[in-house]
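# Examination of the molecular architecture
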Amino acid sequence: MAIRRFGSTLISQGRFDEYMTLLRNSHNSKNPEDVMCRSLISVDWQGHVYDRDFNQMLDLPLGAGSSCGGALRS
């Protein structure tokens, strides 16, 4: 998913749909087995903990929308 400034840039260049198609075509259902959020965390300057940097950019702290299936528990 293209978020924030990157997404805005893709839209302004008329490449958003192309990028989303690339993401869909590149999907591999085995990837979640090896995602970073199973062993790493991201912490912002205020101390909020995120299970991955992608969720930090979306302001989804740990437990508020984890995309890692609850791999990290407090």
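Within each chain, residue numbers correspond to sequence positions counted from 1 in written order. Predicted model: local features are reported for residues with pLDDT of at least 70 only, side-chain atom pairs are reported and counted for 80 or more only, and whole-chain, interface and lining totals are derived from all residues. Calculated side-chain values reflect all of the structure's heavy atoms, with hydrogen atoms and water omitted.

### A word on the overall build of the chain
Helix and strand labels come from DSSP, where a helix needs a run of H or I of at least four residues and a strand needs a run of E of at least two; each type is numbered from the N terminus. Secondary structure summary: the chain contains 3 helices and 2 strands in total. When contacts within the chain are restricted to residue pairs at least 6 apart in sequence, long-range pairs at least 24 apart make up 24% of them. Here the accessible surface of atoms and residues is derived via Shrake-Rupley with a 1.4 Å probe, and residues count as covered only by protein chains that are part of the display. Total accessible area on the chain is roughly 5800 Å²; 52% of this is exposed by carbon and sulfur atoms. Whether two residues are in contact is decided by their heavy atoms, any of which lying within 4.5 Å being enough.

### As for the pattern of salt bridges
A carboxyl oxygen of Asp or Glu within 4 Å of a side-chain nitrogen of Lys or Arg is what we treat as a salt bridge. Using the criterion set out here, one finds 1 salt bridge in the structure. We note a salt bridge from Arg15 to Glu18, for which the minimum N-O separation is 3.6 Å. Three exposure classes are used, based on accessible area relative to the maximum for each residue type with a 1.4 Å probe and protein chains only: buried under 20%, partly exposed in between, and exposed over 50%. Since its relative accessible area comes to 40%, Arg15 is described here as partly exposed. Glu18 sits in the partly exposed class, given a relative accessible area of 49%.

### A word on unusual backbone geometry
Phi angles above zero are rare outside glycine, and Asp59 is one such case at about 60 degrees. For Asp59, a relative accessible area of 52% gives the class exposed.

### Description of the side chain of Gln56
Structurally, Gln56 is set in helix 3 (residues 53-57). A distance of 2.2 Å separates polar atoms of two side chains, one belonging to Gln56 and the other to Ser42. In this view, Gln56 contacts Ser42, Val43, Asp44 and Tyr50; residues no more than four positions away in its chain are not counted. Under this definition, polar contacts are N or O atom pairs within 3.5 Å; protein pairs additionally need one hydrogen-donor-capable and one acceptor-capable atom, and for neighbouring residues in sequence, both atoms have to be side-chain atoms.

### Concerning the side chain of Ser42
Position of Ser42 relative to the elements: it lies in strand 1 (residues 42-43). Of the residues examined, Ser42 reaches a relative accessible area of 13% and is grouped as buried. If near-sequence neighbours (up to four positions away) are discounted, Ser42 is found in contact with His48, Val49, Tyr50, Arg52, Asp53 and Gln56.

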